[in-house]
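Read off the chains here:
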Amino acid sequence: MDPSAEVVVELPIFRIYKDLHVERLSGTETVPAGADAKTGVVSKDVVIDGDAGVYVRLYLPVPDTPATTWATDGGPTKLRVLVFFHGGGFITESAASPVYHSYLNSLAAAARVLVVSVNYRLAPEHPFSVGYDDSLRALRWALSGGEGDPWLSRHGDLRRVFLAGDSAGGNIVHNVAMMAAAAAAEEGSDGVAAAARIEGAVLLHSAFAGTEPVAGEAAEVAALMDTVWRVICPESAAGVDDPRMNPLAAAAPSLRELPFERLLVVEADGDFFRGRGRAYYEGVVASGWGGKVEWFESVGKEHVFFLLDPGCPEALALMDRLVAFFAGN
């Protein structure tokens, strides 16, 4: 059979063919930024690199009462900042996807956070590490106050920055955090606008893999991720044991280097990445990392269910946990 016609991986969101080209089945729809009637949150797009197509979508919740406004002088009512990385297997979705736009409007309103949703470039047109580099660049931009962007510079508390992402975005959270830590170590006080300002991170159903199976991981999932990673990062000699895909690999930097104070690892018992998520959590615990790591698991649910059914009881319980985490509880 013609390699350009033979499907080797078929998922609800994309197909991968034997010649490693990709057909996107979903995640290509977009919605504009603007005011959200349901939550009152307003959003806008800010271009970071027009030539590369890298931008962020900012979400600003309304003040607690109509008679007040957000502080602009560094006072206590400034908003915590959440830098968010969308999922989609590194291959599809965007910061303008309807499912992420809706969820982040709700999260910004519930948690009272200023969200910076990152539109990084996708594989295979842009093999990784391009997406990681774009994401680190967006984090630097956010930590700098958005290079003077009025929403971030006036309303964002840059002393309280969080990272979060789902699926591939959870993988990006880990990798961008480690890149930020390495840059800060190399560059000193000038590195990444100081990685120490990242207070915490949330990994939601994160996409990790490896050649050695972990408890609860199906063999077909491991094989699928090997193919997907070859599409995402074809120059990687280590395959899925590349530290960017397997943070527990022998060659991976120590998890002790995670540059934040608190970590929440979120999983669902029906998620095909659940075993890898649990192994990551246990790896952080065993590493001697000096921060506080927590595990949160939804029962009877599958991969990224909270995006697909945000009104179900388990999604509402997860939203409550995220709100509490960002508040410091």
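Above this text you will find the structure in question.
As the structure is a computational prediction, the values presented were derived from the model and not from experiment. (Residues numbered from 1 in each chain as written. Predicted model: local features only at pLDDT ≥ 70, side-chain atom pairs only at ≥ 80, totals over all residues. Heavy atoms only, no water.)

A. Layout of the sheet that holds strand β1 (residues 7-10). An order of β1-β2-β3 is seen for the three strands of this open sheet, with the pairing classed as antiparallel. Of all strands in the sheet, those with a lone pairing partner are β1 and β3 (22-24), marking the two edges. Along the sheet, successive strands turn relative to each other by an average axial angle of 20°, direction set aside. The sheet contact formed by β1 and strand β2 (residues 14-17) spans three bridges and is antiparallel. Among the inter-strand pairings, Glu 10 is bridged to a residue of β2, identified as Arg 15. Strand contacts of helix α5 (residues 219-232): β1, β2 and β3, with the helix running at about 80° to β2, the strand carrying the most contacts. (Pairing = 2+ DSSP bridges. Helix = DSSP H or I, 4+ residues; strand = E, 2+ residues; numbered from the N terminus. Axes fitted to C-alpha atoms, helices over the stretch in contact; angles between N-to-C directions. Contact = heavy atoms within 4.5 Å.)

B. Local environment of the sheet that holds strand β9 (residues 198-204). Strand order in this open sheet of eight strands is β4-β5-β7-β6-β8-β9-β10-β11, and the pairing throughout is mixed. Both edges of this open sheet fall to β4 (42-49) and β11 (292-298), since each of them pairs with a single strand only. Neighbour-to-neighbour, the strand axes of this sheet turn through a mean angle of 20°, independent of strand direction. Against the sheet, helix α8 (residues 313-327) makes contact with β6 (79-85), β7 (113-119), β8 (156-166), β9, β10 (262-268) and β11, and its axis sits at roughly 165° relative to β9, the strand it touches most.

C. Summary view of the packing of aromatic side chains. Under the criterion given, the structure shown has 13 aromatic pairs. An angle of 50° between the planes, with centres 5.5 Å apart, marks the rings of Tyr 103 and Phe 306 as tilted. Here Tyr 103, found in helix α1 (residues 98-111), pairs with Phe 306, found in helix α7 (residues 305-308); they are 203 residues apart in sequence, far enough to count as distant. Here Tyr 103 matches Phe 306 in class, with each residue buried. Ring geometry for Phe 272 against Phe 273: centres 4.8 Å apart, planes inclined by 65°, an arrangement best described as edge-to-face. For Phe 273, a relative accessible area of 4% gives the class buried. Among the aromatic side chains, those forming a connected cluster through ring pairs are Phe 90, Tyr 120, Phe 128 and Tyr 132. Above the face of the Phe 325 ring, Arg 262 is positioned so that its terminal group lies 4.4 Å from the ring centre. The ring of Trp 295 has Arg 278 lying over it, and the distance from NZ or CZ to the ring centre is 4.8 Å. (Phe/Tyr/Trp six-rings, centres within 6.5 Å; stacked < 30°, edge-to-face > 60°. Buried < 20%, exposed > 50% of the residue type's maximum accessible area, 1.4 Å probe, protein only. Lys NZ or Arg CZ within 6 Å of the ring centre and 35° of its normal.)

D. Region of the structure containing the layout of surface pockets. Estimates place the volume of the largest pocket at around 720 Å³. Elements represented by at least two residues in the lining of the largest pocket include exactly α1, α5 and α7. Of the residues forming the lining of the largest pocket, the biggest block, five residues, is contributed by α5. Grouping the amino acids of the lining of the largest pocket by side-chain chemistry returns 19 nonpolar, nine polar and six charged. Approximately 250 Å³ is the volume found for the second largest pocket. Ser 106, Pro 310, Gly 311, Leu 316 and Met 319 are the residues nearest the centre of the second largest pocket, which is lined by 13 residues in total. Every element with two or more residues in the lining of the second largest pocket is listed here: α1, α7 and α8. Of the residues belonging to the lining of the second largest pocket, the class tally is eight nonpolar, three polar and two charged. (1 Å grid on protein atoms, 1.4 Å probe; cavity = no way out; pocket = protein on both sides within 12 Å on 5 of 7 lines; lining within 4 Å. Points joined across faces, edges and corners; volume = space filled by probe spheres on them. Nonpolar A, V, L, I, M, F, W, Y, C, P; charged D, E, K, R; others polar.)

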